[in-house]
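One letter stands for each residue in the lines below.
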Amino acid sequence: MEGIYTVEEIQTRTIPFNQIDGVTCATFAVISTPTLIYEFRFAESGKYRKAIKVSIDDEDTTIGPAPNETLGLVDGIVSRPVFIQKLIEGKKVKAVVTVEKLNGKREILELNLSLKDFDYAKLFFTRVCVKNYMGFISFKPVKTIFAADRLNPGEFTFSGCGALNPHEHFNIEPGEKIFIAGTTGVVTGEGTRSKPEKPNIAVLCDLKEVKKEYFGIFKTGGGVEYYLGLGIRRKITEQEYKKIINKTDNKITLPVANVVGRDVICKKSYHDVWKFDESFLFRKEKCKNCNPCLVEEFCPASAFKKEEGFLSHCMFCGRCLLKCPHKAIEGNTGTININGKTYNITFRQSSLKRAREIATMLKTFDKIGLT
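Residues numbered from 1 in each chain as written. Predicted model: local features only at pLDDT ≥ 70, side-chain atom pairs only at ≥ 80, totals over all residues. Heavy atoms only, no water.

### Quick word on the packing of aromatic side chains
No. 1: All chains considered together, the criterion is met by 21 aromatic pairs.
No. 2: Taking the centre distance of 5.6 Å and the plane angle of 20° together, the rings of Y38 and F40 count as stacked.
No. 3: Seen from their ring centres, F42 and Y48 are 6.4 Å apart, and the 40° between their planes marks the pair as tilted.
No. 4: The exposure class of Y48 is buried, given its relative accessible area of 6%. (Phe/Tyr/Trp six-rings, centres within 6.5 Å; stacked < 30°, edge-to-face > 60°. Buried < 20%, exposed > 50% of the residue type's maximum accessible area, 1.4 Å probe, protein only.)

As structure tokens, then:
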């Protein structure tokens, strides 16, 4: 849309303030905090007294606060669900519902549910859009959520999209509509662990509108996490314009810490980590059609197929560069100097390429306005 620019465009092209009708910015990162709030029908009304326990694909959920006596309905909540991936992909999940019959006895019901079988399915993100985060090293091999498997001595991992991150430039207010997970979400307020120096937000959105390209499972050395894309579109004041112009990647601090204990060792900038390749190339002519394909097997987001290459939800974390024995994946995540020692950047928990795509798309995204 004419007159609407991304933060990067304003910074690189020095667009005059009087030509700007709006600004977009975005982030794409590994996150930990989705919770599913649900409701579905397990039986016709009047057949059972109530549901007393629900598990979905062997994950226990907590029965919600709304009375379900004789209604045949149950609502509940589950934190960090893995089965959510199947629902987003249009597959069915198995719900096991322990019910109390009208005579007081118990019975176990099994239901196969697709997303359309849920009368209510909302995702509540308790902590997203963290203001640019941290980089990590380790002095001994350690399994961690900040690496695809182990973080080894000599390796470096980081999170954050630098100047494209919304919280680097704006306060995001309760009630504001934002783009999240492929749909429109509503900000409910500050998220958990939010602090003035590193703010974040909590957001609610409809799972039925979520798109896999922007939200899904991401496996790490510390367990299952999630990838997530979000962004905002804003009118700006002249004061905000001056802040955007001056707050480039080389002026945004990236603290570097020991992953064990999180003690800060030194401070770098986001320019130091994003001056390398943001995405990679798949050279199909170099592919030896290995079976199994190690890139497919170890991709944290299952975002690569040797027949197709990188899929639309890939965040170019760098894991594949280390796994293909025939170097069919080409790219350079770079190195970083920390206190006189060179570390290889082996894992990225954010994607500047995907954040840039969202920021560009938001110029014409009609489900959020210019606030």
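Still more ground to cover, so stick around.
### Section: the sheet that holds strand β9 (residues 106-113)
No. 1: With respect to topology, 4 strands assemble into an open sheet ordered β5-β4-β8-β9, the strand pairing being antiparallel. Strands with a single pairing partner mark the edges of an open sheet, and in this sheet they are β5 (59-60) and β9.
No. 2: Pairing of strand β4 (residues 48-56) with strand β8 (residues 93-101), which is carried by 7 bridges, proceeds in the antiparallel orientation. Directly across from K50, in β8, lies its bridge partner E100. (Pairing = 2+ DSSP bridges. Helix = DSSP H or I, 4+ residues; strand = E, 2+ residues; numbered from the N terminus.)

### A closer look at the nonpolar core
Where a protein is soluble and globular, its nonpolar side chains tend to be buried together.
No. 1: Among the nonpolar cores identified, the biggest contains 107 residues, and F40, F42, F156, I180, L207 and F215 are the most heavily contacted of them.
No. 2: In terms of residues, this core owes the most to one element, strand β2 (residues 22-31), which gives 6 residues.
No. 3: Non-local contacts of F40, meaning those with residues more than four positions away in its chain, are made with V54, G72, L73, V74, A95, V97, L113, D117, F118 and D119.
No. 4: Membership of the second largest hydrophobic core comes to 10 residues, among which are V130, M134, L151 and V259. (Core = buried A, V, L, I, M, F, W, Y, C linked by side-chain atoms within 4.5 Å. Contact = heavy atoms within 4.5 Å.)

### Describing the layout of surface pockets
No. 1: The space that makes up the largest pocket amounts to roughly 490 Å³.
No. 2: If you trace the largest pocket, you find 24 residues lining it, with V30, I31, S32, R127 and V130 closest to the centre.
No. 3: For the lining of the largest pocket, the secondary structure elements donating two or more residues are β2, β10 (118-128) and β19 (223-234).
No. 4: The class makeup of the residues in the lining of the largest pocket is 11 nonpolar, 9 polar and 4 charged.
No. 5: Its boundaries defined by the atoms lining it, the second largest pocket holds a volume of some 400 Å³.
No. 6: Residue lining of the second largest pocket: 15 residues in total, with K131, N132, Y133, E197 and K198 positioned closest to the centre.
No. 7: Taken together, the residues that form the lining of the second largest pocket break down as 4 nonpolar, 2 polar and 9 charged. (1 Å grid on protein atoms, 1.4 Å probe; cavity = no way out; pocket = protein on both sides within 12 Å on 5 of 7 lines; lining within 4 Å. Points joined across faces, edges and corners; volume = space filled by probe spheres on them. Nonpolar A, V, L, I, M, F, W, Y, C, P; charged D, E, K, R; others polar.)

### Details of the pairing of strand β21 (residues 264-269)
No. 1: Taken together, the 5 bridges between strand β20 (residues 253-258) and β21 define a ladder with antiparallel strand orientation. Paired with L254 across the two strands is K268, which belongs to β21.
No. 2: From the end of β20 to the start of β21, which pair antiparallel, there are 5 residues, and G261 there has a positive phi angle of about 100°.

### Remarks on the environment of Y38
No. 1: By secondary structure assignment, the location of Y38 is in strand β3 (residues 34-41).
No. 2: Given a relative accessible area of 1%, Y38 falls into the buried group.
No. 3: Residues Y38 and I137 lie 99 residues apart in sequence; the distance between their C-alpha atoms is 39 Å.
No. 4: Contacts of Y38, omitting those with residues within four sequence positions, involve V54, T61, T62, V74, D75, G76, I77, F118 and Y120.
No. 5: Side-chain polar atoms of Y38 contact the side chain of T61, separated by 2.7 Å. (Polar contact = N/O pair within 3.5 Å; in protein donor to acceptor, adjacent residues only side chain to side chain.)

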